[in-house]
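Tertiary structure, described
If you want the building blocks of each chain, they are given just below.
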Number of protein chains: 2
Amino acid sequence: MRIIVDVMSGDNAPLEPIKGAVTAAAAYKVEIIMVGDEKVIAEVCADNEIKLPQNVEIVNSDSVITMEDHALSVVREKADSSMGVSLRMLADGKADAMVSAGNTGALHAGSTLVVRRIKGIKRSAISTILPFENPTMLIDSGANTEVTKDQLEQFGMMGSIYMKKLFNINDPRVGLANIGTEPTKGTKALVEAYEYLSRSEMINFIGNVEGKQLPFGVCDVIVCDGFTGNTILKVTEGIAMYVMKQIKGVMTANPLTKLSALTMKHQLLALKASFSASEYGGAPMLGISKPVIKAHGSSDAEEIKNSVRQAIAFLSTGLIFDISEAVAKQTSERAEAGNE
Amino acid sequence: MRIIVDVMSGDNAPLEPIKGAVTAAAAYKVEIIMVGDEKVIAEVCADNEIKLPQNVEIVNSDSVITMEDHALSVVREKADSSMGVSLRMLADGKADAMVSAGNTGALHAGSTLVVRRIKGIKRSAISTILPFENPTMLIDSGANTEVTKDQLEQFGMMGSIYMKKLFNINDPRVGLANIGTEPTKGTKALVEAYEYLSRSEMINFIGNVEGKQLPFGVCDVIVCDGFTGNTILKVTEGIAMYVMKQIKGVMTANPLTKLSALTMKHQLLALKASFSASEYGGAPMLGISKPVIKAHGSSDAEEIKNSVRQAIAFLSTGLIFDISEAVAKQTSERAEAGNE
């Protein structure tokens, strides 16, 4: 197995991705390919006394995709970037999976245009595991602002296979993000989607799920368009941060509360950490023909290492094979139904 | 001033709305009209030793809109409901404002069809004040799942007038709910709306606002379609509840943390209460030609009383007059611009 780490990506590049790649190389029996500026990597390794293990290889790249770059720059003027070179190597079979903490839009666009989708998959999706009462996949969490009902069905299918394979959930429950539980709620498109998903044999559809139920384990996969998904993701992040800030205010209100807060300091820090969506690793680009994992922009070495582990699990469970089979089965069944 | 309280509405009807109406009648120099089943009201008052003050009048109604009823039932088979009778009285000038804790969809539909919109207002909106770092109006928070850019502009205008008049905010900052701050983010409709709102002279538009910024006082009014608004509202509610539940878990983890939690019990309860959106009263139906306030379904007497106070403030600040003037000015200016 050959896993690429885009070491120029994320807020803490290149040091943390380099450290993450090196610890992953030591921990797992895989080949790690660090893609980035050779000179910079050599300098950072020298400055930080990092010795590269034998199973780490460096591939040079000449530029970096920034957060401000347009999504399509990765296939155009910045095809020579660490992300662009990584995607090209993946597409050419020179590696089996890749991890990047860079620009999400560029990573999604590049995955689709360079690595390409699985045959029969209409849209690939950014899939985030929300750290709720039980791990819950939000798909799409930002790639496609508008989607059709059959794309939602495919999201549900891909999310189900992921949750089954990587979280051992038998027959994952799929909910449709909506503003009410009744089938008639939401936009016209959502009412139609509800009806369509209800009849699907590909997924275990449990109906509409509202935002207030979301954290309490009512389903394993939430399907939605990328606009709604990204809204859910960012409001979740904002409100969790806000509530924790208020709690901090309560705890530092006076000397007595400050003293009391000390007794639960560790648990509170752990709780705060659990709200950062990184608990379950990065966000896989589901529907792409090779595993592409988007690590968080703020990833440290540990998170990069976890994303490499996630890429390995992605590969070794045969997820992409399962998705290909499911979509092929669907296509042939619907073609037959059409011929009858 | 004559204010209607729909005493058959909400989870705690009729006792809490009756108590709320009676305390409001005692607190404020207004006439209170309780609309509901006369017999039931008499029984509840007798059972609870509630004596009606002189400025309380009872108007009989024969049925009740439930949470399961279709929104349009209030103008059809249940026009004789407490909500239907209240709306009709308001429309006929027999009262100046109304408060109901009932079915939101029915209250919005009934307000639009019976009481009617302000002339020139294309859509009325349910407007919720979110209890964040500063009070922030979310408009539309659930009435219209799909809206146009000029409807969003009117939402911004109405929200601005409300925040100016009722919260003394000079030149309220209006943000557009979106999944990124750049003008190019979101759906095609949102990109167009951004451009349109940027050129508006009716509102102080500050650009796109993301979910993660939302609680931290970046704007005073957030405009969006009702689907996005309701998603924001319900995710906010869900996440706040979830985080508080986790905090409770930390605090009751062991005898030491339990003891410590006692030192901050009052502050924590106050914090929890502040997340219930009721801190700033009910949700006004902005754009309707008379004040209609939707109190929370779970309202107790205190919240009903606060909603009556809110209705009084709504009336005494001349909000509806200001909205009418603003929309008339807009209409004539655009007509002139069109003639040039």
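In what follows, the structure referred to is the one given above.
1. Considering the interface of chain B and chain A
At the junction of the two partners, chain B supplies 50 residues and chain A supplies 50 residues. Summed over both sides, the interface between chain B and chain A buries roughly 4,400 Å², with carbon and sulfur atoms accounting for 78% of that surface. The largest contributions to the chain B side of the interface with chain A come from Ile179, Phe227 and Tyr242 of chain B, which together make up 16% of the buried area. Inspection of the region where chain B meets chain A yields four salt bridges. Linking chain B to chain A there are twelve residue pairs in polar contact (both at pLDDT 80 or more).

2. Considering helix α9 (residues 265-275) of chain A
Taken as a whole, α9 of chain A has its buried residues at Leu268, Leu271, Ser274 and Phe275 of chain A. Within α9 of chain A, the buried residues cover an arc of 120 degrees as seen down the axis, which keeps them to one side. Exposed residues lying more than 90 degrees from the buried face of α9 of chain A are His266 and Leu269 of chain A. Buried residues along α9 of chain A sit against β5 (125-131) and α7 (226-251) of chain A together with α7 (226-251) of chain B.

3. Observations concerning the side chain of Ser73 of chain A
Structurally, Ser73 of chain A is set in the loop between β3 (56-60) and α3 (82-91). Judged by its relative accessible area of 2%, Ser73 of chain A falls in the buried class.

4. Digging into unusual backbone geometry
Omega for the peptide link from Ala13 of chain A to Pro14 of chain A comes to 0 degrees, which places this bond in the cis form. Following the sequence through the fold, Pro14 of chain A ends up in the loop between β1 (2-6) and α1 (15-27). Following Ile139 of chain B, the chain continues to Asp140 of chain B via a peptide bond in cis, the omega torsion being 10 degrees. Along the chain, the position of Asp140 of chain B falls in the loop between β6 (135-139) and α5 (149-167). At Arg116 of chain A, a residue that is not glycine, the phi angle is positive and equals roughly 80 degrees. As for its position among the elements, Arg116 of chain A is in the loop between α4 (104-115) and β5. Residue class for Arg116 of chain A comes out exposed when judged on its relative accessible area of 53%. Positive phi values are uncommon outside glycine, yet Glu49 of chain B reaches one of about 50 degrees.

5. Some words on the packing of aromatic side chains
Taken as a whole and assessed by the stated rule, the structure comprises eight aromatic pairs over all chains. A ring pair is formed by Phe132 of chain A and Tyr242 of chain B, whose centres lie 5.8 Å apart and whose planes are at 75 degrees; its orientation type is edge-to-face. Highlighted residues: Phe132 of chain A in the loop between β5 and β6 (135-139) and Tyr242 of chain B in helix α7, drawn from two different chains. Each of the two residues, Phe132 of chain A as well as Tyr242 of chain B, counts as buried. Members of the aromatic cluster, each reached through a chain of ring pairs, are Phe132 and Phe216 of chain A together with Tyr242 of chain B.

6. Here's the deal with the pattern of salt bridges
Where charged atoms of side chains with opposite charge meet at close range, the side chains can pair. Residues and elements named next belong to chain A. What the rule picks out here adds up to 27 salt bridges over all chains. Arg173 serves as the salt-bridge partner of Asp220, at 3.1 Å between the closest nitrogen and oxygen. On the criterion of sequence distance, the pair formed by Asp220 in the loop between β8 (204-209) and β9 (221-223) and Arg173 in strand β7 (residues 173-177) is long-range, its members being 47 residues apart. Measuring nitrogen to oxygen at the nearest pair gives 3.2 Å for the salt bridge that ties Glu195 to Arg199. Residue class for Glu195 comes out partly exposed when judged on its relative accessible area of 46%.

The rules behind these values
- Residues numbered from 1 in each chain as written.
- Chains lettered and ligands numbered in written order.
- Predicted model: local features only at pLDDT ≥ 70, side-chain atom pairs only at ≥ 80, totals over all residues.
- Heavy atoms only, no water.
- Contact = heavy atoms within 4.5 Å.
- Buried area = accessible area lost by both parts, 1.4 Å probe.
- Salt bridge = Lys/Arg side-chain N within 4 Å of Asp/Glu carboxyl O.
- Polar contact = N/O pair within 3.5 Å; in protein donor to acceptor, adjacent residues only side chain to side chain.
- Buried < 20%, exposed > 50% of the residue type's maximum accessible area, 1.4 Å probe, protein only.
- Helix = DSSP H or I, 4+ residues; strand = E, 2+ residues; numbered from the N terminus.
- Arc of directions from axis to C-beta.
- Phe/Tyr/Trp six-rings, centres within 6.5 Å; stacked < 30°, edge-to-face > 60°.

Honestly, it's all geometry; don't read function into it.
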